[in-house]
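An overview of the molecular structure
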Amino acid sequence: MALKVLVGCKRVIDYAVKIRIKPDKLGVVTEGVKHSMNPFDEIAVEEAVRMKEAKLVNEIIVVSCGPAQAMETIRTALAMGADRGIHVEIPLGQMDTFQPLHVSKVLAKLAEKEKVDIVMLGKLAIDDDANQTAQMTASLLDWPQGVFASKIDKTDAGLEIIREVDGGLETIRTTLPAVLSADLRLNEPRYATLPNIMKAKKKKVVKMKPADLGVDMAPRIQVVSVEDPPVREAGQTVSDVDDLVAKLKDKGFSSA
């Protein structure tokens, strides 16, 4: 049986951009800054497309939550091979309080509405590094989860997933439907070709709001302060072991 996959794609500040903190220290500057699809979400889209090419999937739906510019992210995913898109409109002024729990609720509602077999996400977004959305989506749906996936295989009973853990690799088996999150080594995303970019412009994208899905937008956490990491101190050259030990004692790293 061919599967239906829902892939979440987030629009984030491009990984090559130097981040600047807002003067009020409640976020980062996003105006006039280059954005692109979250790299881990690109990997999730690529994996879904590869599954479709292997005749395991018959439809890929991509969803992005954000302002009007999020449509660019959706079109990129469509050009990579997704079939249709859903744009959940979030005003630019509300993005600072749009949190992983809200995204998880949106994804869970869409998964139920679209009757999908797999929800596929990147393991985290490179802007907030939350690493929460896949896990909370699985909890809300009461579905099994395979997060940090570095290899995904279809089995008669469901899926076999090799996932990256602190101690190495772990192999798990899940039934379907399930929620998956892509790790860095799952695949290498393709570049969208010009013909596919042109075709993507004609693919269907539905717009909706969180309220249409019954999702409460009230923030659950408050950002107290966003700050630059401390400036790294210059290294020092030591003449011998005794000099090293003395300097470590001066820094409070050694009590010997």
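Here goes a summary of the coordinates provided. Every chain begins its residue count from 1, and numbering advances along the sequence as written. For this predicted model, a pLDDT threshold of at least 70 governs which residues receive local features, and a threshold of 80 or more governs which side-chain atom pairs are given and counted, while totals over whole chains, interfaces and linings are taken from all residues. To get the side-chain values, take all heavy atoms of the structure and skip hydrogens and water.

Glancing now at the sheet that holds strand 4 (residues 57-66). In this scheme, strands are said to pair when DSSP sees at least two bridges between them. Strands here are runs of E lasting at least two residues and helices are runs of H or I lasting at least four, both read from the DSSP assignment and numbered beginning at the N terminus. The strand order across the open sheet formed by 9 strands is 9-8-7-10-6-1-4-5-11, and the pairing between neighbours is mixed. Either end of the sheet is taken by a strand with one partner, and the two such strands are strand 9 (168-174) and strand 11 (205-208). The mean inter-strand angle of the sheet, taken between neighbouring strand axes irrespective of direction, is 35°. Any two residues whose heavy atoms approach within 4.5 Å at even a single point are treated as in contact. Axis angles are defined between N-to-C directions and span 0 to 180 degrees, where every axis is a line fitted to C-alpha atoms and, for a helix, only to the segment in contact. Those strands touched by helix 3 (residues 100-114) are strand 1 (3-8), strand 4, strand 5 (84-89), strand 6 (118-122) and strand 11, and its axis lies near 140° from that of strand 5.

The next subject is the state of the cysteines. Two cysteine sulfurs form a disulfide in these notes if their separation is within 2.5 Å. In total, this model carries 0 disulfides according to the counting rule given. Between Cys9, a free cysteine, and Cys65, which holds the nearest cysteine sulfur, the sulfur-to-sulfur gap is 10 Å.

Quick look at the nonpolar core now. Counting 35 residues, the largest nonpolar core has Val7, Val45, Ile118 and Met120 as the members making the most contacts within it. Put simply, the parts of the chain that give this core at least two residues each are strand 1, helix 1 (39-53), strand 4, helix 2 (70-80), strand 6, strand 7 (145-154), strand 8 (159-165) and strand 10 (178-182). The greatest single-element share of this core, amounting to 7 residues, is contributed by helix 1. Apart from residues no more than four positions distant in its own chain, Val45 is found in contact with Val7, Cys9, Met37, Ala77 and Met80. Of all hydrophobic cores here, the second largest spans 27 residues; its members include Cys65, Ile90, Leu110 and Ala111. Put simply, a nonpolar core is a bunch of buried Ala, Val, Leu, Ile, Met, Phe, Trp, Tyr and Cys residues held in one set by side-chain atoms that sit within 4.5 Å of each other. For every residue, the accessible area obtained with a 1.4 Å probe (protein chains only) is divided by the maximum for its type, and the residue is called buried under 20%, exposed over 50%, and partly exposed between those limits.

The span you would expect from a helix comes to 1.5 Å times its residue count less one. Taking 1.5 Å per residue as the helical rise, helix 3 with its 15 residues ought to reach 21 Å, and the 21 Å between its terminal C-alpha atoms agrees with that figure. Every buried residue belonging to helix 3 is among Pro100, His102, Val103, Ser104, Val106, Leu107, Ala108, Leu110, Ala111 and Glu114, and all of these are buried. Next to the buried residues of helix 3 lie strand 1, strand 4, strand 5, strand 6, helix 4 (133-141) and strand 11. Of the residues one or two after helix 3, Lys115 is the one with positive phi, at around 55°.

So far we have only geometry, and geometry alone does not tell us how the molecule works.
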